[in-house]
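# Structural characterization, general
So you can see what is in the structure, the chains are spelled out below.
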Amino acid sequence: MNQSWEPRPPVTADDAEWRPALDIPAPGPQRRWTVLLRWLLLIPQFIVVCLLGIAAFFVTVAGWFAALILGRLPDGIADFLGKYLAYETRVVAGSMLLVDRYPPFALTAPEYPVQIELRPTTLNRLAVLFRLILMIPAWIVAGFAAAGWFAIGWIFWIIAIVLGRLPEPVFGATAAVARYRMRFSAYAGMLTPVYPKGLFGDQPAAKAEEVRSATRPLLLGTTAKILVWVFLVLGLLTQVFSRPSAGYDDNGLAHPAQVVHPAGRS
């Protein structure tokens, strides 16, 4: 992760604010047996993400105080949180059937097909001060989208077993949820000053844009966008009709502090 600090968010060729990027290869054949046992095989990874998430929570709290004073995250804190977010994103991508390759037990995995790109910049101290409040709308959207996906994820699981791959619209909609979730975590962890956007994919560029991966840029067709709306609606219904439990508020939603570095709990 680049450790040079810029005075403002980087901009793209079309002068749009640069947001954390997620790179995932195009959907390809997956081994049916790994799809069948996917969530069981990932249990050790979930445990590691949970343990790292505990450390990441306390590091984030320290980073919040440091960012209020310095106007940016210290390099060591930014490096750890960035690596943790990358690790977590690799596990999330695997659990959402986006890739077939098993994620390594390593904070740094340059050869793994799922990668994120973060470009640290200076932070607005006022936005840092009120970050917990500012992130609530994005937290709700990310939570609904993820809950909606997991509500019908078993259908995609069956489809992947039968076809040996995810259909293009399902892949695109799923990748959109995973990317938004990653961007939300990056914003909540002060790894970016740019508010999370792009749940419905990217807008086609006016001029030719370099294609880095299947998700960069992430261009969703009509079917994929409809699926994203389905996720949001199902997520809302899931939260409305679920009974409150420990760690949840009166609306059945996990508290924002628990979603800053979720370990498969979004």
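These notes cover the structure that comes with them.

### As for the overall build of the protein
Helix and strand content of the protein: nine helices and two strands. The helix and strand sequence of the protein, counted from the amino end, reads β-α-α-α-α-β-α-α-α-α-α. In the protein, buried positions account for 46% of the 266 residues. Counted over contacts in the protein with a minimum sequence separation of 6, partners at least 24 positions apart contribute 77%. Entry remark: accessible area of the protein is about 12800 Å², with carbon and sulfur atoms responsible for 67%.

### Considerations on helix α8 (residues 168-188)
Given a rise of 1.5 Å per residue, 21 residues ought to cover 30 Å, and the 30 Å separating the end C-alpha atoms of α8 matches this to within 8%. Of all 21 residues in α8, 19 are buried, a share of seventy percent or more.

### Some points on the packing of aromatic side chains
Enumeration according to the criterion identifies nine aromatic pairs in this entry. Seen from their ring centres, F57 and F58 are 5.3 Å apart, and the 80° between their planes marks the pair as edge-to-face. On the basis of relative accessible area, F57 is assigned to the partly exposed category, the value being 34%. Overall, the relative accessible area of 55% leaves F58 in the exposed class. Note on W149 and F156: the rings are 5.8 Å apart at their centroids and 45° apart in plane angle, and the pair reads as tilted. F156 carries the same exposure label as W149, and that label is buried. Cluster of aromatic residues (ring-pair linked, three or more members): W149, F150, F156 and F231.

### Quick notes on the packing of α8 against helix α9 (residues 222-241)
As a packed pair, α8 and α9 sit with axes 8 Å apart at the nearest point and diverge in direction by 50°. Judged by the angle between their axes, α8 and α9 are oblique. Crossing of α8 over α9 shows right-handed handedness. In this structure, α8 contributes P169, V170, A173, T174, A176 and V177 to the contact, and α9 contributes T223, A224, L227, V228 and F231.

The rules behind each value
Residues numbered from 1 in each chain as written. Predicted model: local features only at pLDDT ≥ 70, side-chain atom pairs only at ≥ 80, totals over all residues. Heavy atoms only, no water. Helix = DSSP H or I, 4+ residues; strand = E, 2+ residues; numbered from the N terminus. Buried < 20%, exposed > 50% of the residue type's maximum accessible area, 1.4 Å probe, protein only. Contact = heavy atoms within 4.5 Å. Areas by Shrake-Rupley, 256 points an atom, 1.4 Å probe, with all protein chains shown as cover. Expected span 1.5 Å × (residues − 1). Phe/Tyr/Trp six-rings, centres within 6.5 Å; stacked < 30°, edge-to-face > 60°. Axes fitted to C-alpha atoms, helices over the stretch in contact; angles between N-to-C directions. Parallel < 35°, antiparallel > 145°, perpendicular 65-115°, else oblique. Left-handed = near helix turned anticlockwise from the far one by under 90°.

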